[in-house]
Amino acid sequence: MTRRAGTESERTAASGKTGAEDRAGEFAGSVAIVTGGSRGIGLAVARALARDGARIAVVARNAERAGAALESLPGEGHASYSCDVADPVACKRAVKSIESGQGPVSVLVNNAGITRDNILLRLRDNDWNDVIATNLGGGFNMTRAVVRPMMKRRAGSIVNVTSVIGLMGNPGQANYAASKAGLHGLTKSVARELASRNIRCNAVAPGFIRTDMTAGLKESVVDDLKRRIPLARLGDPADVACVVRFLAGSEARYITGQIIAVDGGMTM
Ligand code: NAP
């Protein structure tokens, strides 16, 4: 049986080297999909991977904002795709376009997510269905769409951006907590199922991070949160991005099926 030559990141992983010189540009020649890469945590992840040489496929619903995000990415070969990750057919179509336009996909970051908060008795069917379909269904749709070529190439890394709410639960977020807890189960199952094909799957569970998603929190709520966070501040998107980048790369080659909280110590 003949096997394709691996990408730069696969070769680095195989060599067993760990020095900083190996990390610089370790994603050169690789394609990384970042869903929800047009702003917030996803944009910071896209920047971190692009800085190390990856060609980024930014996937989001709003085509204009996804296109604008490309301007702020270092390097070249990036592209944006308008796609609703809740739609399995659109995900398949987007992955096909990415593979034919940019090349085989080495890294998938399932980051797109939404909230529709309300207390349980007021949670409408749509609030439940939209959050589950986007946060959990989106992760499944994109993962299923990318893994076949990864399996053939016997290389790939998938990182799911979940939430500490999926570990702890939260009043007013039953739909969001269920979607993120579901992603934790998906992460571990994919990790177990595809480890023999050298595909790793991990999750990063952020705490409270300053993005559009948390911009509406009242000052009093933010003050209360800071009291509950040992490091006494909300996180920045870059605090999450560096952990996603680590899990996606060769330094994490012996890590799969893990959930890493990036939350200032809130859930320890
Ligand atoms: P954000 O600023 O609201 O950005 C969300 C991103 O997801 C946007 O690019 C958005 O673009 C995209 N998106 C939303 N629905 C989509 C869909 N159906 N299909 C494709 N793209 C979609 O959110 P964020 O704070 O950066 O959060 C990113 C991830 O981290 C989410 O999964 C979130 O649950 C998780 N997280 C965030 C925090 C936090 O405190 N911020 C904490 C824990 C976990 P379009 O609107 O154009 O589609």
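In the block above lies the structure referred to throughout.
What comes next concerns the included structure.

Definitions and cut-offs
- Each residue is numbered by its place in its chain's sequence as written, counting from 1.
- Where local features are concerned, this predicted model is filtered to residues with pLDDT of at least 70; where side-chain atom pairs are given and counted, the filter is 80 or more; whole-chain, interface and lining totals use all residues.
- As a rule here, side-chain values cover all heavy atoms of the structure and leave hydrogens and water aside.
- Helix numbering and strand numbering both begin at the N terminus, where a helix is a DSSP run of H or I of at least 4 residues and a strand a DSSP run of E of at least 2.
- Categorising residues by exposure relies on relative accessible area from a 1.4 Å probe, with only protein chains included: less than 20% of the type maximum marks a residue as buried, more than 50% marks it as exposed, and the intermediate range marks it as partly exposed.
- Strand pairing is assigned whenever DSSP identifies at least 2 bridges connecting the two strands.
- Geometry is summarised by axes, namely lines fitted to C-alpha atoms with helices restricted to the contacting stretch, and by angles between N-to-C directions that run from 0 to 180 degrees.
- To estimate the expected span of a helix, subtract one from its residue number and multiply by 1.5 Å.
- Whether two residues touch is decided by their heavy atoms; if any such pair falls within 4.5 Å, the residues are in contact.
- One heavy atom within 4 Å of a molecule or strand is enough for the residue carrying it to be called near that molecule or strand.
- Whenever two N or O atoms come within 3.5 Å, that pair is a polar contact, provided that in protein one can donate a hydrogen and the other can accept it, and provided that, for residues adjacent in sequence, both atoms are side-chain atoms.
- Using the Shrake-Rupley algorithm and a 1.4 Å probe, accessible areas are obtained, with residue cover drawn only from the displayed protein chains.
- The working definition used for a salt bridge is a side-chain nitrogen of Lys or Arg within 4 Å of a carboxyl oxygen of Asp or Glu.
- For a crossover, the right-handed case is the one in which the path from the first strand over the helix to the second runs clockwise, viewed with the strands pointing away from the viewer.
- Definition used in this section: a nonpolar core is a set of buried Ala, Val, Leu, Ile, Met, Phe, Trp, Tyr and Cys residues joined via side-chain atoms within 4.5 Å.

### What to know about the environment of Gly 25
Right, so step 1: Relative to the helices and strands, Gly 25 resides in the loop between helix H2 (20-23) and strand E1 (31-35).
Right, so step 2: Taking the relative accessible area as the measure of exposure, Gly 25 reaches 25% and is therefore partly exposed.
Right, so step 3: Between the C-alpha atom of Gly 25 and that of Ala 50, which follows or precedes it by 25 residues, the distance is 8.7 Å.

### Notes on the sheet that holds strand E2 (residues 55-60)
Right, so step 1: The seven strands lie next to each other as E3-E2-E1-E4-E5-E6-E7, forming an open sheet whose pairing is parallel. Only two strands of the sheet have a single neighbouring strand rather than two, namely strand E3 (79-82) and strand E7 (259-262). Mean inter-strand twist for the sheet, computed between neighbouring axes without regard to direction, equals 20°.
Right, so step 2: Relative to E3, E2 is paired through four bridges, and the arrangement is parallel. Directly across from Ala 60, in E3, lies its bridge partner Ser 82.

### Structural notes on helix H3 (residues 40-51)
Right, so step 1: In this model, H3 (12 residues) spans 17 Å end to end at C-alpha, consistent with the 16 Å of a helix rising 1.5 Å per residue.
Right, so step 2: Burial of H3 is extensive: nine of the 12 residues sit out of reach of the surface.
Right, so step 3: Regarding H3, the residues found buried are Ile 41, Gly 42, Leu 43, Ala 44, Val 45, Ala 46, Ala 48, Leu 49 and Ala 50.
Right, so step 4: On its buried face, H3 sits against E1, E2, helix H4 (63-70), strand E4 (105-110), strand E6 (199-206) and helix H10 (237-248).

### Observations regarding the site of the ligand
Right, so step 1: The immediate surroundings of the ligand are formed by 29 residues, with Ser 38, Arg 61, Asn 111, Tyr 176 and Thr 211 found nearest.
Right, so step 2: Between the ligand and the protein, one listed contact pairs an oxygen atom with a side-chain N or O atom of Ser 38 at 2.7 Å.
Right, so step 3: In the environment of the ligand, an oxygen atom lies 2.8 Å from a nitrogen or oxygen atom belonging to the side chain of Arg 39.
Right, so step 4: Alone, the ligand offers 880 Å² of accessible surface; in the complex the protein occludes 97% of this.

### Points about the environment of Asp 224
Right, so step 1: If you trace the backbone, Asp 224 turns up in helix H9 (residues 219-228).
Right, so step 2: Separated by 14 residues in the primary sequence, Asp 224 and Arg 210 place their C-alpha atoms 15 Å from one another.

### A short note on the pattern of salt bridges
Right, so step 1: Enumeration over the complete set of coordinates arrives at seven salt bridges.
Right, so step 2: A salt bridge links Asp 239 to Arg 233, with the shortest nitrogen-to-oxygen separation between them at 2.9 Å.
Right, so step 3: By relative accessible area, which is 24% here, Asp 239 ends up partly exposed.
Right, so step 4: Three or more residues are tied together by salt bridges with common partners; here these are Glu 26, Asp 52 and Arg 245.

### Considerations on the pairing of E2
Right, so step 1: In terms of residue burial, E2 counts as a mostly covered element, since five of its six residues are buried.
Right, so step 2: Looking at chain direction, E1 and E2 are connected through five bridges and run parallel. Within E2, the residue paired with Thr 35 across the bridge is Val 59.
Right, so step 3: For the crossover that starts at E1, traverses H3 and ends in the parallel E2, the hand is right-handed.
Right, so step 4: A crossover links E2 with its parallel partner E3, the connecting element being H4, and its sense is right-handed.

### Topic: helix H5 (residues 88-101)
Right, so step 1: The terminal C-alpha atoms of H5, which comprises 14 residues, lie 20 Å apart, in line with the 20 Å expected from a rise of 1.5 Å per residue.
Right, so step 2: Buried residues in H5 make contact with E1, E2, E3, E4 and helix H6 (125-153).
Right, so step 3: Where H5 starts, the residue carrying a side-chain oxygen 3.0 Å from the main-chain nitrogen of Val 89 turns out to be Asp 87.

### So, the environment of Gly 235
Right, so step 1: By secondary structure assignment, the location of Gly 235 is in the loop between H9 and H10.
Right, so step 2: Taking the C-alpha atoms as reference points, Gly 235 and Ile 209, separated by 26 residues in sequence, lie 4.3 Å from one another.
Right, so step 3: For Gly 235, the residues in contact, after removing those within four places along its chain, are Phe 208, Ile 209 and Arg 210.

### Let's talk about the nonpolar core
Right, so step 1: One finds Val 45, Leu 49, Ile 56, Val 109, Val 204 and Val 244 to be the most contacted residues of the largest nonpolar core, which totals 32 residues.
Right, so step 2: Elements supplying a minimum of two residues to this core: E1, H3, E2, H4, E4, strand E5 (156-161) and H10.
Right, so step 3: If you tally residues by element for this core, the top one is H3, at eight residues.
Right, so step 4: Setting aside chain neighbours within four positions, we find Leu 49 in contact with Phe 27, Ala 32, Val 34, Ala 54, Ile 56, Val 107, Val 109, Arg 245 and Ala 248.
Right, so step 5: In terms of nonpolar packing, the next biggest core, distinct from the first, is built from 29 residues, Ala 57, Cys 83, Val 146 and Leu 186 among them.

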